[in-house]
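# Descriptive analysis of the structure
Spelled out from the first residue to the last, the chains are:
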Amino acid sequence: MGRSGPDETCDASCSSWSSRRAPPKWATRGRKCALPRLAASALLALPEEPAIITGVVDSWESFAAWQNRTAFLESFGDSFVTPANLYGAVQAQFGVQRLAKSRVRLQTFIDAPSEDQHCFEHAAADSMGRAAAQEITALAGDWPLPPRRLGFEPNRFLSIGGDGVGLPLHSHGATWLALLVGSKLWYLYPPHELPARAHATLGVATMRAWREKRLLEELPAAERPMACTQRPGELLWLPPAWHHATINVGYTIAVGAQSNLFFNDSLKTVRVHPGVALCQTVLAEGARRLGPARAKSTGFLDAENEHYGKAARAEPFNFKYGTDWVNSLLRTKQPDEADRQLAGYEDRLQEIESQALPLPSEVAYVRAQLSRVRTAVDAVSPSRRVDL
């Protein structure tokens, strides 16, 4: 069965989603996409590199049915969702989304699309209502994921958002996303290839700042992320620890699943891509649980503060990695080094605040995190006690 997009399946009598023929010019300033487009059989091996997979979604009943906006709302419009307000990469570092104050009917959310909100609902939480959760479960079941240690099963999700809505630069465990309606622009950096200038700008900015400050164009061409377009009916596979951001082109509906980044996956990724910050934090937690002696006896784990330090040095504008490192230095009785590193993060927060890259609410959130750590550092740092 050949794939049909929204324009082919909807005639004048059906209620289609708002669409956009092409992304805005500012959004296309990334490097040329080099992702292969592979047949569905490629998923049997789970590719080591990102890929766009075709022929997976074609047989899903929802791929055809959900092109009709009216039919979709008849099925799910009375479900309640909790939209996530616009947030940026800095707050995403702490795994925090600014949720709206109240749940709303999905019909209401879709009838009044906002550039500042998107809907990201997990089926496991049953937050879309039982019918929607069952639908997502059925969709995930249409793709027989090969048995593997990745924890996909509890992490299925539904993503809905209007034209121009985007998620900032971040990374996590392996994920797949099947796009049913609309198109989506992906910006990708390999795990070990996040340029310093990109990290200090794209890595701390909202997608609105990307647009208003033309951040992509400010980077040298060789340091820009790869920009790839995912079309309706295509599935994008992303291995662990790849840095990525997204922007919707037209109204989009997608389903997918995301794994946790487990210890063994982190160790494998670090061996292939030394210095990957996200994986170093997982190894640090493993070393912390084992304790110094047992960690050293493994032959491949360092002390926890060394792994946290590798992560923080690799991504110095990641404030979550920074606070983890400083807290680790305090636990391992290195108060002066903790004081020195914390001062650097306080300075970097002021730097990105002056450039208006994160939201004011993000700056306030991170400043509160740093303030808590500052209190702990000042209580034990000899140099601070002398200054006081």
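All values reported here derive from a predicted model rather than from experimental measurement.

## Focus on the overall build of the protein
Looking only at helices and strands, the protein has 17 helices and 12 strands in total. Expressed as a percentage of its 388 residues, the buried residues of the protein come to 54%. Taking contacts inside the protein between residues at least 6 apart in sequence as the whole, the part at least 24 apart equals 77%.

## Concerning the pairing of strand E2 (residues 51-54)
Each regular strand displays side chains that alternate between the two surfaces of the sheet. Bridge count between strand E1 (residues 37-39) and E2: 3 bridges; the pairing is parallel. Bridge assignment links Leu38 to a residue of E2, and that residue is Ile53.

## Section: the packing of helix H11 (residues 277-290) against helix H13 (residues 304-314)
Helix-helix packing is described using two parameters, namely the angle between the two axes and the distance between the axes. Remark: H11 packs on H13, axes separated minimally by 8 Å, with the N-to-C direction vectors making an angle of 165°. Accordingly, the angle class assigned to the pair H11 and H13 is roughly antiparallel. Crossing handedness for the pair H11 and H13: left-handed. Touching Ala277, Gln280, Thr281, Leu283, Ala284, Glu285, Ala287 and Arg288 of H11 are Glu304, His307, Tyr308, Lys310, Ala311 and Ala314, all from H13.

## Digging into the environment of Pro23
Along the chain, Pro23 falls in the loop between helix H1 (6-9) and E1. Here Pro23 falls in the partly exposed class, since its relative accessible area comes to 26%. Distance in space between the C-alpha atoms of Pro23 and Lys184 is 9.0 Å, their sequence separation being 161 residues. Pro23 has contacts with Thr28, Leu185 and Val249, leaving out every residue within four places of it along the chain.

## Brief notes about the pattern of salt bridges
Evaluation of the coordinates by the stated rule reveals 16 salt bridges. A salt bridge links Asp111 to Arg69, with the shortest nitrogen-to-oxygen separation between them at 2.8 Å. Pair noted here: Asp111 is in helix H5 (residues 106-111) and Arg69 is in helix H3 (residues 69-76), with a separation of 42 residues, a long-range link. Classification of Asp111 as partly exposed rests on a relative accessible area of 43%. Arg69 gets classed as partly exposed once you look at its relative accessible area, which sits at 21%.

## Re the side chain of Thr201
Residue placement: Thr201 occurs in helix H7 (residues 196-201). Side-chain polar atoms of Thr201 contact the backbone oxygen of Arg197, separated by 2.7 Å. Each residue touching Thr201, except ones within four places of it in the same chain, is listed here: Leu215, Leu219 and Leu357.

## Side note on the packing of aromatic side chains
Given two aromatic rings, one states the distance between the centres and the angle between the planes to describe the pair. Summed over all chains, the structure comprises 8 aromatic pairs. Where Trp66 meets Phe72, the ring centres are 5.1 Å apart and the plane angle is 80°; that geometry is what we call edge-to-face. Each member of the pair, Trp66 together with Phe72, is buried. Ring geometry for Trp66 and Phe76: centres 5.5 Å apart, planes at 85°, overall edge-to-face. One end of the pair, Trp66, is in the loop between helix H2 (61-65) and H3; the other, Phe76, is in helix H3, with 10 residues separating them in the sequence. For the pair shown, Trp66 and Phe76 are each scored as buried. Put simply, the rings of Trp17, Trp66, Phe72, Phe76 and Tyr251 pair up and form one aromatic cluster. Residue placement shows Arg348 over the ring face of Phe317; its charged tip is 6.0 Å from the ring centre. Lying across the ring of Tyr345, Arg348 places its NZ or CZ 4.3 Å from the centre.

## A short note on the confidence of the model for the protein
Residues with a pLDDT of 70 or more make up 82% of the protein, whose mean pLDDT is 81. Confidence over residues 1-14 falls short of pLDDT 50; this stretch has 20 contacts with residues more than four positions distant or in other chains.

## Some points on the environment of Asn260
As for its placement among the helices and strands, Asn260 is situated in the loop between strand E12 (243-258) and helix H10 (263-272). Look at Asn260 and you get partly exposed, because its relative accessible area is 40%. Note: C-alpha distance between Asn260 and Pro240 (20 residues apart in sequence) is 9.1 Å.

Parameters at a glance
- Residues numbered from 1 in each chain as written.
- Predicted model: local features only at pLDDT ≥ 70, side-chain atom pairs only at ≥ 80, totals over all residues.
- Heavy atoms only, no water.
- Helix = DSSP H or I, 4+ residues; strand = E, 2+ residues; numbered from the N terminus.
- Buried < 20%, exposed > 50% of the residue type's maximum accessible area, 1.4 Å probe, protein only.
- Contact = heavy atoms within 4.5 Å.
- Pairing = 2+ DSSP bridges.
- Axes fitted to C-alpha atoms, helices over the stretch in contact; angles between N-to-C directions.
- Parallel < 35°, antiparallel > 145°, perpendicular 65-115°, else oblique.
- Left-handed = near helix turned anticlockwise from the far one by under 90°.
- Salt bridge = Lys/Arg side-chain N within 4 Å of Asp/Glu carboxyl O.
- Polar contact = N/O pair within 3.5 Å; in protein donor to acceptor, adjacent residues only side chain to side chain.
- Phe/Tyr/Trp six-rings, centres within 6.5 Å; stacked < 30°, edge-to-face > 60°.
- Lys NZ or Arg CZ within 6 Å of the ring centre and 35° of its normal.
- pLDDT = per-residue confidence, 0-100.

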